[in-house]
Amino acid sequence: MSHNENRSLRDDFTNASAYNQLEFIIERKIREMINTSALVRVDSCSSDGPNAPAGTVSATPLVSQVDAEGKALPMVSLPRLPHYRMQAGIAAIILDPVPGDIGVASFCKSDSSTVQPGTKEPQRPGSWRVFDMADGMLVASVSNQAPEVWMELKQDKTIIIHAPEGCTIETNKTVTVNAQKLEVNASRQVDLNTPLVNVAGRIQQSGSMGSGGPSEFHGGLSNTGGQVTSNGVTLETHTHGGVEPGSGSTGTPN
């Protein structure tokens with residue numbers, strides 16, 4: 001910013017009329033006292049994920065104030081700004097800010113320090129201050145780095161969840177998936193850690209992925225209704241040849 005671009009609010013016409021003088025006073029007060037919103041850098045965050053309500057951040061404005069010569073002044077970090085979390089009632093998407101995030105801070109009209117987590121009723125202002133940076137809150141994120149974990153809601157009516165290090169769904173009740181076809185692609189294996197698996201339809205194994213070895217069952221196999229057939233031989237109705245009295249063994253099953 002060059003020196004020639006800096007000028008006082010006062011000009012040759014400031015004292016030309018009472019209106020110009022009043023305009024000068026009003027504009028000066030607005031510039032000095034009223035804060036609306038600002039781009040900020042998150043310095044720290046007090047939130048503790050899903051185990052607590054949304055906390056606060058400390059954030060430094062990224063557009064500095066300047067002196068009379070147009071030189072940037074050091075900006076101090078604004079402490080304890082409540083941060084936005086996508087939440088309605090007890091339902092929330094937990095995506096708390098981290099240091100280095102770029103966000104938008106908005107500043108309240110009045111001292112909002114008397115509104116704390118859990119406040120339900122209107123409160124009187126904490127002081128007479130207005131449009132002060134001390135009454136700011138982080139209302140949006142404009143982070144400028146590519147994400148590594150994300151959920152994408154696409155315009156073709158599909159959703160992609162990308163979690164390179166794993167994805168966990170937790171519930172004490174039932175997880176229900178309603179789909180025309182459910183496909184699981186696991187490059188190594190699928191583990192079902194449960195004492196019982198109920199399948200309402202038929203089970204069909206095809207292909208030769210993995211070692212191609214036989215299926216294994218431990219603890220026995222019980223079949224009720226229908227027949228068990230292996231390589232064309234039916235367990236319930238097959239016969240044996242070469243039957244003779246004495247200690248001889250039967251032939252192979254027919």
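Predicted, not measured: the structure shown is a model, and the values here were computed from it. (Residues numbered from 1 in each chain as written. Predicted model: local features only at pLDDT ≥ 70, side-chain atom pairs only at ≥ 80, totals over all residues. Heavy atoms only, no water.)

Enquirer: What exactly am I supposed to notice about the environment of Ala-179 here?
Expert: Here Ala-179 lies in the loop between strand S9 (159-162) and strand S10 (229-230). Put simply, Ala-179 and Asp-191 are 12 residues apart on the chain and 21 Å apart in space, counted from C-alpha to C-alpha. (Helix = DSSP H or I, 4+ residues; strand = E, 2+ residues; numbered from the N terminus.)

Enquirer: Sorry, what's going on with the pattern of salt bridges here?
Expert: If charged atoms from side chains of opposite charge come close, those side chains can pair. As enumerated under the stated definition, the model contains 5 salt bridges in all. For Asp-111, the salt bridge goes to Arg-129, with nearest N and O atoms at 3.0 Å. With Asp-111 in the loop between strand S6 (102-107) and strand S7 (136-141) and Arg-129 in the loop between S6 and S7, this residue pair connects regions lying 18 residues apart in the sequence. The exposure class of Arg-129 is partly exposed, given its relative accessible area of 30%. The partner of Asp-135 in a salt bridge is Arg-129, and the shortest N-O contact between them spans 2.8 Å. Taking relative accessible area as the criterion, Asp-135 reaches 2% and is therefore assigned buried. Taken together, the shared-partner salt bridges connect Asp-111, Arg-129 and Asp-135 into one network. (Salt bridge = Lys/Arg side-chain N within 4 Å of Asp/Glu carboxyl O. Buried < 20%, exposed > 50% of the residue type's maximum accessible area, 1.4 Å probe, protein only.)

Enquirer: How should the sheet that holds strand S3 (residues 78-82) be read in this particular structure?
Expert: As a general point, the strands of a sheet are linked pairwise by backbone hydrogen bonds and lie either parallel or antiparallel. Strand order in the open sheet formed by 5 strands is S3-S2-S1-S6-S7, with antiparallel pairing between adjacent strands. The open sheet has two edge strands with one neighbour each: S3 and S7. Across the sheet, the mean angle from the axis of one strand to that of its neighbour is 50°, orientation sign disregarded. Looking at chain direction, strand S2 (residues 56-61) and S3 are connected through 3 bridges and run antiparallel. The residue of S3 that forms the bridge with Thr-56 is Pro-82. (Pairing = 2+ DSSP bridges. Axes fitted to C-alpha atoms, helices over the stretch in contact; angles between N-to-C directions.)

Enquirer: Explain the nonpolar core to me, please; I cannot follow it from the model alone.
Expert: Most often, soluble globular proteins keep nonpolar side chains buried together rather than apart. Counting residues in each nonpolar core, the largest one holds 10 residues, listed as Ala-38, Val-40, Val-42, Val-57, Ala-59, Leu-78, Leu-81, Ala-105, Phe-107 and Leu-138. Those elements giving two or more residues to this core turn out to be strand S1 (37-45), S2, S3 and S6. Ranked by residues supplied to this core, first place goes to S1 with 3 residues. Leu-138 has contacts with Val-40, Val-42, Val-57, Leu-81, Pro-82, His-83, Tyr-84, Pro-97, Gly-103, Val-104 and Ala-105, leaving out every residue within four places of it along the chain. (Core = buried A, V, L, I, M, F, W, Y, C linked by side-chain atoms within 4.5 Å. Contact = heavy atoms within 4.5 Å.)

Enquirer: Please explain the environment of Asn-15 as it appears in this structure.
Expert: By the element assignment, Asn-15 lies in the segment before helix H1 (18-33). A residue is classified by how much of its surface remains accessible, and Asn-15, at 55% relative accessible area, is exposed. With 83 residues separating them in the primary sequence, Asn-15 and Val-98 have C-alpha atoms 50 Å apart. Every residue in contact with Asn-15, bar those within four places of it in the chain, is listed here: Arg-10 and Gln-21. Separated by 3.3 Å, the side chains of Asn-15 and Gln-21 make a polar contact. (Polar contact = N/O pair within 3.5 Å; in protein donor to acceptor, adjacent residues only side chain to side chain.)

Enquirer: Sorry, what's going on with the confidence of the model for the protein here?
Expert: Model confidence for the protein is summarised by a mean pLDDT of 86, while 93% of its residues fall at 70 or above. Of all the helices and strands in the protein, H1 carries the lowest mean pLDDT, 83, while S2 carries the highest, 96. (pLDDT = per-residue confidence, 0-100.)

Enquirer: Explain the pairing of S6 to me, please; I cannot follow it from the model alone.
Expert: Looking down a regular strand, the side chains alternate between one sheet face and the other. As paired elements, S1 and S6 share 5 bridges and run antiparallel to each other. Paired with Ser-37 across the strands is Ser-106, a residue of S6. Here S6 runs beside S7; their pairing, made up of 5 bridges, is antiparallel. The partner of Phe-107 across the bridge, within S7, is Gly-136.

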